[in-house]
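Analysis of the macromolecular model
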Amino acid sequence: MRKTIKILTFTLVIAMMLVALAIPSLATNSDNLVVDKENIFTSYQEEVLQTTLYSISKKHQCEIVVVTTRGFGSSSAQEYAEDYYISHGYGYGSDFSGVLLLISESERYYYICTSGKGEKAISGPAFKKLSNEVKSLLSEDKYYEASQKFAQMCDEAFVSYAENGKPFDT
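Residues numbered from 1 in each chain as written. Predicted model: local features only at pLDDT ≥ 70, side-chain atom pairs only at ≥ 80, totals over all residues. Heavy atoms only, no water.

What the rule picks out here adds up to six aromatic pairs. With a centroid separation of 6.2 Å and an interplanar angle of 20°, the aromatic rings of Y80 and Y84 are classed as stacked. Of this pair, Y80 and Y84 are both found in helix α3 (residues 77–87), four residues apart, which corresponds to roughly one turn of the helix. Like Y84, Y80 is buried. Through successive ring pairs, a cluster of aromatic residues spans F72, Y80, Y84, Y85, Y90 and Y109. (Phe/Tyr/Trp six-rings, centres within 6.5 Å; stacked < 30°, edge-to-face > 60°. Helix = DSSP H or I, 4+ residues; strand = E, 2+ residues; numbered from the N terminus. Buried < 20%, exposed > 50% of the residue type's maximum accessible area, 1.4 Å probe, protein only.)

In structure tokens form, the structure reads like this:
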């Protein structure tokens, strides 16, 4: 009898481990919500930003990502951002809900792409306001502040969308 219980317990533990390994692929790509290829953030800033983005992403089930890169290769900023988002498995749920801020300091360019709930909550005037706020800070070379503002405004947009069922209107 004890041998049977041990075998059943061992089998149950193995099954639970297999399920636990499968769950992250259904959730968030949260290990890399900040990808700083241009090294424009200090390690402390990157850590704080990562924590902020992770918290907002979990809260709203919509992944918020900041990526910095030296260039876009032969792609446009839009193509690069959207390809990066898709190829790195970002997004929640079947509609891959999320928002990505792409910054290229060397190209002096940025791009914001949205998907799923991100597209619904941040569109029209909300998108324009977010874009203008980020652009203003980026033009002053305040990359960390722009990224924090981006996260804060995404959070506000998702709260507004949850309360009203539509993007906030300025």
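The structure having been displayed, the exposition proceeds.
In this section: helix α6 (residues 143–164). The end-to-end C-alpha separation of α6 is 31 Å, in line with the 32 Å expected for 22 residues at 1.5 Å each. Within the span of α6, buried status applies to Y143, Y144, A146, S147, F150, A151, M153, C154, D155, A157, F158 and S160. Packed against the buried residues of α6 are α2 (43–60), β2 (63–68), β3 (98–104), β4 (109–115), α4 (117–121) and α5 (125–139). Positive backbone phi, approximately 75°, marks G165, located one or two places after α6. (Expected span 1.5 Å × (residues − 1). Contact = heavy atoms within 4.5 Å.)

Any link to function would need more than the numbers given here.
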